Amino acid sequence: MKAYRFEVFTTVIEKNIKDGLFKPGHKLPSVREIKERYHISISTVQDGYEYLIINGLVESVPKSGYYVSNRAYKETGIVKSKHLPIVRDAIFKDHLALTTSLRIGRKISEFNVAAPGDLLIPQKLLLRTMQQVIREQGAGLLRYYPSNGLPALKDNIVRRAAGYQTSFHPDELVITDGALQALYIALTAICDTGDVVAVESPCVFSILEVIRVLKLKVIEIPVDPDNGFDTDLFRKACEKNAVKAVIVTPNFHNPTGIILTDDQKITLLAIARLHNVAVIENDIYGDLHFQGHRPTTIKSFDDSGLVLTYASYAKTLAPGIRLGWLNAGKFVERAEQIKFTLGSTVSPLYQETVNRLVTGSTYDRHVRAFRMQLAKNAYFAINLIATHFPENTCIVTPCGGYNVWVKMPDKVDMGYFYDQCEKIGVRFTPGYTFSFMDTFNKYFRVVIADTFSPKRIEAIRLVGQRLR
């Protein structure tokens with residue numbers, strides 16, 4: 001995807017702020033100065049400053065100009081284990097109700113569902129494209145499609161991956177009913193009952209649930225917002241255990257929203273290759289970066305076939321579009337067999353609709369607008385929580401994706417917190433759903449993929465007020 005035109009000056013301002021050259025309160029160049037210096041339009045300059053405001057770096061003062069923000073948001077590292085990893089049986093409570101929508105008429109403000117809200121779904125675009133496909137394809141949509149997916153769609157996935165330096169082969173791609181099915185296929189293709197897999201900690205509930213169903217054993221590897229995936233602990237885990245696979249979300253990890261650097265991705269892959277561990281890479285949020293270019297994948301550094309990458313269009317288009325894909329690497333033959341047993345054809349209508357969207361520029365235009373809205377929502381949520389929640393509430397600022405990860409002060413009784421949430425009618429995702437251990441009981445996740453209506457804003461304000 002193309003970079004924004006305004007990045008020619010916003011990257012300079014960001015660097016100067018982060019390097020400490022521009023202190024809080026520093027007045028920034030006017031719109032006209034930037035326009036003349038960089039030879040860009042006024043609207044582009046205004047878009048750039050709006051982007052810096054969304055990311056919490058800049059504030060606009062009416063009739064005065066733009067200034068470096070005085071607000072400093074606290075960030076926290078996730079608790080890191082000082083002990084060697086322990087292989088655990090995947091015995092897990094049913095947290096499904098805590099991570100899915102109620103949608104039964106109750107007046108609940110839901111910040112726990114990792115799906116775009118109705119107003120952020122491109123409804124007209126999707127329905128119009130579906131109608132065009134139905135008119136043109138007719139009864140052909142009622143027949144079986146190739147079990148591995150529509151060839152034209154696979155070619156488009158390959159083409160788009162090349163844009164972020166990732167090389168896929170169409171014969172290694174399997175089109176799936178969403179990302180979760182892709183993960184299930186990948187794990188089943190690699191592991192047998194009782195095998196050991198490594199996962200990030202915290203790790204999203206849906207991944208843990210697939211592991212539980214497959215009766216695998218787990219080693220949790222800490223993810224730190226400052227340092228990323230703990231590769232030292234991962235190395236020790238591989239030295240002491242027969243780890244078959246590691247599941248990672250290197251781009252905009254759920255729930256922290258952090259991204260691994262290229263060096264971290266290369267290091268992780270090197271350890272996996274040394275110990276012959278398959279890397280299952282979740283790239284579902286890869287298109288949803290808040291700044292810069294679309295990040296690389298671990299797959300882009302792999303020539304061994306050990307990396308299996310999966311994603312879906314449910315997060316970027318609509319949750320009802322059950323269309324994902326898996327690049328299965330050297331495990332493709334086994335993956336194809338498993339996919340066939342789960343249902344040989346993914347919805348032809350979904351395949352043709354998405355293929356039409358990604359063939360031209362329509363999908364890219366939508367995603368550019370969508371990820372800017374997500375960035376705006378992230379900043380708004382952080383500002384809201386920082387303003388109304390107790391002092392020493394810690395917030396991890398995401399680099400992309402859907403989520404803001406929050407740690408409550410030690411003095412807060414989390415039972416009381418969730419009780420107040422229930423009374424007010426607001427729902428977050430509890431931190432304890434992100435682990436088989438008790439590491440994240442003081443944490444909760446806020447999903448930012450919906451609009452902040454006055455009702456939703458007031459719900460967060462009231463929760464914070466009752467904790468003070």
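Residues numbered from 1 in each chain as written. Predicted model: local features only at pLDDT ≥ 70, side-chain atom pairs only at ≥ 80, totals over all residues. Heavy atoms only, no water.

## Notes on the overall build of the protein chain
So, step 1. Helix and strand content of the protein chain: 15 helices and 17 strands.
So, step 2. Its C-alpha atoms give the protein chain a radius of gyration of 22 Å, near enough to 23 Å, the size a compact globule of 468 residues would have.
So, step 3. With the C-alpha coordinates of the protein chain rotated into their principal frame, the extents come out at 65 × 55 × 50 Å.
So, step 4. In the protein chain, which comprises 468 residues, the proportion classed as buried is 56%.
So, step 5. Of the roughly 20500 Å² that the protein chain leaves accessible, carbon and sulfur atoms contribute 51%.
So, step 6. Side-chain charges of the protein chain comprise 58 positive and 47 negative groups, with the mean position of each set lying 5 Å from the other. (Helix = DSSP H or I, 4+ residues; strand = E, 2+ residues; numbered from the N terminus. Rg over C-alpha atoms; globule rule 2.2 N^0.38 Å. Buried < 20%, exposed > 50% of the residue type's maximum accessible area, 1.4 Å probe, protein only. Areas by Shrake-Rupley, 256 points an atom, 1.4 Å probe, with all protein chains shown as cover. Lys, Arg positive; Asp, Glu negative; His and termini not counted. Charge placed at Lys NZ, Arg CZ, Asp CG, Glu CD.)

## Structural notes on helix α10 (residues 262-274)
For an α-helix, the turn length of 3.6 residues means that residues three or four places apart are oriented alike.
So, step 1. The end-to-end C-alpha separation of α10 is 18 Å, in line with the 18 Å expected for 13 residues at 1.5 Å each.
So, step 2. Lys265, Leu268, Leu269, Ile271 and Ala272 are the residues of α10 that are buried. All buried residues of α10 lie within an arc of 160° about the axis, which places them on one face of the element. Exposed residues lying more than 90 degrees from the buried face of α10 are Asp263 and Leu274.
So, step 3. In the core, the buried residues of α10 are packed alongside β8 (228-229), α9 (231-240), β9 (243-248), β10 (278-282) and β11 (307-312).
So, step 4. In the segment just after α10, Asn276 is the residue with positive phi, at about 55°. (Expected span 1.5 Å × (residues − 1). Arc of directions from axis to C-beta. Contact = heavy atoms within 4.5 Å.)

## Quick notes on helix α8 (residues 205-213)
So, step 1. The set of residues buried in α8 consists of Phe205, Ile207, Leu208, Glu209, Val210 and Ile211.
So, step 2. Lys215, located one to two residues past α8, shows a positive phi value of around 55°.

## Focus: the pattern of salt bridges
Side-chain pairs of opposite charge can arise whenever the charged atoms involved come near each other.
So, step 1. Across all of its chains, the model carries 13 salt bridges by this definition.
So, step 2. Residue Arg160 pairs with Asp364 through a salt bridge whose shortest N-O separation is 2.9 Å. Here Arg160, found in helix α6 (residues 151-162), pairs with Asp364, found in helix α13 (residues 362-388); they are 204 residues apart in sequence, far enough to count as distant.
So, step 3. With a closest N to O distance of 3.0 Å, Asp287 and Arg294 form a salt bridge. For the pair Asp287 and Arg294, a shared accessibility class is recorded, and that class is buried.
So, step 4. Ionic contacts of the salt-bridge type, sharing partners, join the residues Asp283, Asp287 and Arg294 into one network. (Salt bridge = Lys/Arg side-chain N within 4 Å of Asp/Glu carboxyl O.)

## Here's the deal with the packing of helix α3 (residues 42-54) against α13
So, step 1. Put simply, α3 and α13 touch, their axes get as near as 8 Å, and they point 40° apart. As judged from the angle between their axes, α3 and α13 are oblique. In this structure, α3 uses Tyr51, Ile53 and Ile54 to contact α13, whose residues at the interface are Met372, Ala375, Lys376 and Tyr379.
So, step 2. The residue makeup of the contact of α3 with α13, split by class, is six nonpolar, no polar and one charged. (Axes fitted to C-alpha atoms, helices over the stretch in contact; angles between N-to-C directions. Parallel < 35°, antiparallel > 145°, perpendicular 65-115°, else oblique. Nonpolar A, V, L, I, M, F, W, Y, C, P; charged D, E, K, R; others polar.)

## Notes on the sheet that holds strand β13 (residues 394-396)
So, step 1. As summarised here, the arrangement of the four strands in space is β13-β14-β17-β16, forming an open sheet in which the pairing is antiparallel. One side of each edge strand has no neighbouring strand; the edge strands of this open sheet are β13 and β16 (429-430).
So, step 2. Pairing of β16 with strand β17 (residues 443-447) involves two bridges; the strand directions are antiparallel. The residue of β17 that forms the bridge with Pro430 is Phe444. (Pairing = 2+ DSSP bridges.)

## Notes on the environment of Leu308
So, step 1. Along the polypeptide, Leu308 turns up in strand β11.
So, step 2. Exposure remark for Leu308: the relative accessible area of 0% places this residue in the buried category.
So, step 3. Separated by 61 residues in the primary sequence, Leu308 and Ile247 place their C-alpha atoms 9.5 Å from one another.
So, step 4. Setting aside its immediate chain neighbours within four residues, Leu308 contacts Ala186, Ile190, Ala278, Val279, Ile280, Glu281, Leu326, Asn327, Ala328 and Phe331.

## So, the nonpolar core
So, step 1. Counting 151 residues, the largest nonpolar core has Tyr49, Leu187, Phe234, Ile280 and Phe417 as the members making the most contacts within it.
So, step 2. At twelve residues, α13 tops the list of elements feeding residues into this core.
So, step 3. The residues contacting Ile280, other than those within four sequence positions of it, are Leu183, Ala186, Leu187, Ile190, Ala245, Val246, Ile247, Val248, Leu308 and Tyr310. (Core = buried A, V, L, I, M, F, W, Y, C linked by side-chain atoms within 4.5 Å.)

## Section: the confidence of the model for the protein chain
So, step 1. The share of residues in the protein chain with pLDDT of 70 or more is 91%, and the mean pLDDT across the chain is 89.
So, step 2. Considering only residues more than four positions removed or in separate chains, one finds that residues 102-106, a stretch of pLDDT under 50, has five contacts. (pLDDT = per-residue confidence, 0-100.)

## Some remarks on the environment of Val199
So, step 1. When you line up the elements, Val199 lands in strand β6 (residues 196-201).
So, step 2. The spatial distance from the C-alpha of Val199 to the C-alpha of Val246 is 5.8 Å, given a sequence separation of 47 residues.
So, step 3. When residues no more than four places from it in sequence are discounted, the contact partners of Val199 are Leu208, Ile211, Val218, Ile219, Glu220, Ile221 and Ile247.

## Let's talk about the environment of Met408
So, step 1. Along the chain, Met408 turns up in the loop between β14 (403-407) and α14 (414-424).
So, step 2. Using a relative accessible area of 1% as the deciding quantity, one classes Met408 as buried.
So, step 3. Residues Met408 and Tyr443 lie 35 residues apart in sequence; the distance between their C-alpha atoms is 6.1 Å.
So, step 4. Here Met408 is in contact with Phe389, Pro390, Thr393, Met414, Phe417, Lys442, Phe444 and Leu467, once residues within four sequence places are set aside.

## Some details on unusual backbone geometry
So, step 1. Put simply, Ser201 and Pro202 share a cis peptide bond, and its omega is 10°.
So, step 2. For Pro202, the position within the fold is in the loop between β6 and α8.
So, step 3. A cis amide bond links Asn254 with the next residue in sequence, Pro255, at an omega value of 25°.
So, step 4. Among the secondary structure elements, Pro255 is positioned in the loop between β9 and α10.
So, step 5. One non-glycine residue, His39, adopts positive backbone phi at about 60°.
So, step 6. Along the chain, His39 turns up in the loop between α2 (31-38) and α3.
So, step 7. Phi is positive for Lys215, close to 55°, though the residue is something other than glycine.

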